[in-house]
Amino acid sequence: PLDSLPWMAERLVISLLAQGTGEPEWRLAPLAAAAPAAARAYLAGRAAMRANERSQAAAAFRRALEADPSFALAALGLASSGAFSPVALIPTDLT
């Protein structure tokens, strides 16, 4: 439940982690709304992106989406990691 002590503690931890990693203020609300496992994986992905570890970032963003398929920030992170490319959707056999 939203008013349970474990839920509130998890939200606080996610918020502190996000602020400690330099996430912009506007990302705090979507992070708080995401499933805790998704938020943690997303933050791991952001840290990997800052370290230019794109494959690790992509894996973390995928974990975030597995935990919460509606987590738009994770989908955006996956796309920005280069793991998803619209070019891959273009058919190669156009003859």
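Residues numbered from 1 in each chain as written. Predicted model: local features only at pLDDT ≥ 70, side-chain atom pairs only at ≥ 80, totals over all residues. Heavy atoms only, no water.

S.K.: In this structure, what is going on with the overall build of the chain? I would like to understand it.
M.R.: Check the secondary structure of the chain and you find 5 helices and 0 strands. The helix and strand sequence of the chain, counted from the amino end, reads α-α-α-α-α. A buried classification covers 32% of the 95 residues belonging to the chain. Here the contacts in the chain between residues at least 6 apart in sequence split such that 41% fall between residues at least 24 apart. Summed over its atoms, the accessible surface of the chain is roughly 6,000 Å², and 65% of this surface lies on carbon and sulfur atoms. (Helix = DSSP H or I, 4+ residues; strand = E, 2+ residues; numbered from the N terminus. Buried < 20%, exposed > 50% of the residue type's maximum accessible area, 1.4 Å probe, protein only. Contact = heavy atoms within 4.5 Å. Areas by Shrake-Rupley, 256 points an atom, 1.4 Å probe, with all protein chains shown as cover.)

S.K.: Honestly, the packing of aromatic side chains in this entry has me stumped. Any pointers?
M.R.: Under the definition given, this model contains 2 aromatic pairs. By way of ring pairs, the aromatic residues Tyr-42, Phe-61 and Phe-71 are connected into one cluster. (Phe/Tyr/Trp six-rings, centres within 6.5 Å; stacked < 30°, edge-to-face > 60°.)

S.K.: What should I look at first to understand the nonpolar core in this one?
M.R.: Taken as a class, soluble globular proteins show a tendency for nonpolar side chains to be buried jointly. Among the nonpolar cores identified, the biggest contains 21 residues, and Leu-31, Tyr-42, Phe-61, Ala-64 and Phe-71 are the most heavily contacted of them. At the level of secondary structure, the elements contributing two or more residues to this core comprise α1 (5-20), α2 (28-33), α3 (36-50), α4 (54-67) and α5 (72-80). (Core = buried A, V, L, I, M, F, W, Y, C linked by side-chain atoms within 4.5 Å.)

S.K.: Where do I start with the packing of α3 against α4 in this structure?
M.R.: In a pair of packed helices, the angle between the axes and the distance between the axes together describe the arrangement. Running from N to C, α3 and α4 point in directions that differ by 165°, and their axes come no closer than 8 Å. Classified by the interaxial angle, the pair formed by α3 and α4 is roughly antiparallel. For the pair α3 and α4, the crossing hand works out as left-handed. On α4, the residues touching Ala-37, Ala-38, Ala-41, Tyr-42, Ala-44, Gly-45, Arg-46, Ala-48 and Met-49 of α3 are Arg-54, Gln-56, Ala-57, Ala-60, Phe-61, Arg-63, Ala-64 and Ala-67. Here the residues of the contact of α3 with α4 are counted per class, giving 12 nonpolar, 2 polar and 3 charged. (Axes fitted to C-alpha atoms, helices over the stretch in contact; angles between N-to-C directions. Parallel < 35°, antiparallel > 145°, perpendicular 65-115°, else oblique. Left-handed = near helix turned anticlockwise from the far one by under 90°. Nonpolar A, V, L, I, M, F, W, Y, C, P; charged D, E, K, R; others polar.)

S.K.: Quick question: what am I supposed to make of α3 here?
M.R.: End to end, α3 covers 21 Å across 15 residues, agreeing with the expected 21 Å (1.5 Å per residue, within 8%). Buried within α3 we find Ala-38, Ala-39, Ala-41, Tyr-42, Leu-43, Gly-45, Ala-48 and Met-49. Asn-52 sits one or two residues past α3 and shows a positive phi near 60°. (Expected span 1.5 Å × (residues − 1).)

S.K.: How should I be thinking about the packing of α4 against α5 in this particular structure?
M.R.: Between α4 and α5, the shortest axis-to-axis distance is 9 Å and the interhelical angle comes to 155°. Here α5 runs roughly antiparallel to α4, going by the angle between their axes. Both α4 and α5 take part in a crossing whose hand is left-handed. In this structure, α4 contributes Arg-54, Ala-58, Phe-61, Arg-62, Ala-64 and Leu-65 to the contact, and α5 contributes Ala-74, Ala-75, Gly-77, Leu-78 and Ser-80. When the residues that make up the contact of α4 with α5 are grouped by side-chain class, the tally is 7 nonpolar, 2 polar and 2 charged.

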